[in-house]
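Commentary on secondary and tertiary structure
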Amino acid sequence: MARDAAVGVANHNGWAHLVTVAWGEDEPVIVDRRRVLLVAADLPKQPHEHHVMDLPRDEAQALVDLVKRSAGDYAHAALATLRDELAPVFALQGLAMRLNHFGALPADIGEVLEYPPFRYAADAMLYLEALDAAATALGLPVRRHQKGTEFELADAVLGGEAEPWLKGLGKALGPPWTMEHQRAAAAAIALLPTP
């Protein structure tokens, strides 16, 4: 029978760290960590911030739509590959990602460009939405959390001390084991079903 596992995401523009955890005998264990691409190499990773400002609106819209489609395809492939490579030993039960504070990314590039806070957050939102949609399509529940609350979420499951415990795993795991990996793992721990 497959063991339950959960994935934590540390997202970036164009790529993400995925950290997968499952219960060991008496504590969570890291079962996978990988960096995945979220957009084709020949497309801009930050179209809103760096590429569309000087384009005519129709060209800007077409470019952003192209990046969105690519991000959706890459996110779906990354999560499906992770799921398939971990099976049959582990069964993914959910995906933990940070919240964005602006709601959904407007479909119309004009709405993004006319509101500077959107413009600066839009690229990160694009990739979070791609991962969310891919997880949903694969039947993986998504839980969003506030940035900076990951260790608190894991503390609730582990009874405290999640941050030093996760930091201490780095020696055994080897690099890379950055604070981003630790926070992604903490968020994933909070998703694990009780053993």
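Above this note sits the structure.
Residues numbered from 1 in each chain as written. Predicted model: local features only at pLDDT ≥ 70, side-chain atom pairs only at ≥ 80, totals over all residues. Heavy atoms only, no water.

Right, let's talk about the packing of helix α5 (residues 150-158) against helix α6 (residues 162-173) for a bit. Closest axis-to-axis distance for the α5/α6 pair is 8 Å, and the angle between their directions is 100°. With respect to their mutual orientation, α5 and α6 come out roughly perpendicular. From α5, Phe151, Ala154, Asp155 and Leu158 reach across to α6, where they touch Ala162, Glu163, Trp165 and Leu166. For the contact of α5 with α6, the class distribution of residues is six nonpolar, no polar and two charged. (Axes fitted to C-alpha atoms, helices over the stretch in contact; angles between N-to-C directions. Helix = DSSP H or I, 4+ residues; strand = E, 2+ residues; numbered from the N terminus. Parallel < 35°, antiparallel > 145°, perpendicular 65-115°, else oblique. Contact = heavy atoms within 4.5 Å. Nonpolar A, V, L, I, M, F, W, Y, C, P; charged D, E, K, R; others polar.)

So, on to the sheet that holds strand β4 (residues 90-98). Within the open sheet, the five strands sit side by side as β3-β2-β1-β4-β5. Their pairing is mixed. Looking at which strands have only one partner, the edges of the open sheet turn out to be β3 (28-37) and β5 (142-145). Pairs of neighbouring strands in the sheet enclose a mean axial angle of 25°, with direction left out of account. Bridge count for strand β1 (residues 3-11) against strand β2 (residues 15-23) is seven bridges, and the pairing is antiparallel. The residue of β2 that forms the bridge with Ala6 is Val21. Sheet strands touched by helix α7 (residues 179-189): β1, β2, β3, β4 and β5. Its angle to β2, the strand with the most contacts, is close to 45°. (Pairing = 2+ DSSP bridges.)

Bringing the side chain of Gln61 into the picture now. Inspection of the secondary structure puts Gln61 in helix α2 (residues 57-86). Beyond its immediate sequence surroundings of up to four residues, Gln61 is in contact with Ala107, Asp108 and Ile109.

Now for the packing of aromatic side chains. In this structure the tally under the stated criterion is two aromatic pairs. Here the aromatic rings of Tyr115 and Phe118 are separated by 5.6 Å at their centres, their planes lie at 80°, and the arrangement is edge-to-face. Counting every residue linked through ring pairs, the aromatic cluster contains Phe102, Tyr115 and Phe118. Taking the ring centre of Trp15 as reference, the NZ or CZ of Arg35 above it sits at 3.6 Å. Geometry around Tyr120 places Arg119 over its ring, the cationic atom sitting 5.3 Å from the centre. (Phe/Tyr/Trp six-rings, centres within 6.5 Å; stacked < 30°, edge-to-face > 60°. Lys NZ or Arg CZ within 6 Å of the ring centre and 35° of its normal.)

So, about the pairing of β4. Every regular strand shows the same layout, with side chains that alternate between the two sheet faces. As defined by bridge partners, β1 adjoins β4 across five bridges and the pair is classed as parallel. Looking at β4, one finds that Val7 is bridged to Leu95. Pairing of β4 with β5, which is carried by four bridges, proceeds in the parallel orientation. The residue bridging Met97 from the neighbouring strand is Arg144, located in β5.

Turning next to the pairing of β2. The buried fraction of β2 is high, at nine of nine residues. A two-sided burial pattern is seen for β2, the buried positions comprising Trp15, His17, Val19, Val21 and Trp23 on one face and Ala16, Leu18, Thr20 and Ala22 on the other. Here β2 pairs with β3 via nine bridges, running antiparallel. Paired with Leu18 across the bridge in β3 is Arg34. (Buried < 20%, exposed > 50% of the residue type's maximum accessible area, 1.4 Å probe, protein only.)

As a further point, take unusual backbone geometry. Cis geometry marks the peptide bond from Ala87 to Pro88, where omega comes out at 5°. By the element assignment, Pro88 lies in the loop between α2 and β4. Looking along the chain, the bond that leaves Pro175 and enters Pro176 is cis, with omega of 0°. Mapped onto the secondary structure, Pro176 falls in the loop between α6 and α7. Phi at Glu161 is positive, roughly 65°, even though this residue is not glycine. Assignment of secondary structure puts Glu161 in the loop between α5 and α6. Classification of Glu161 by relative accessible area gives exposed; the value is 60%.

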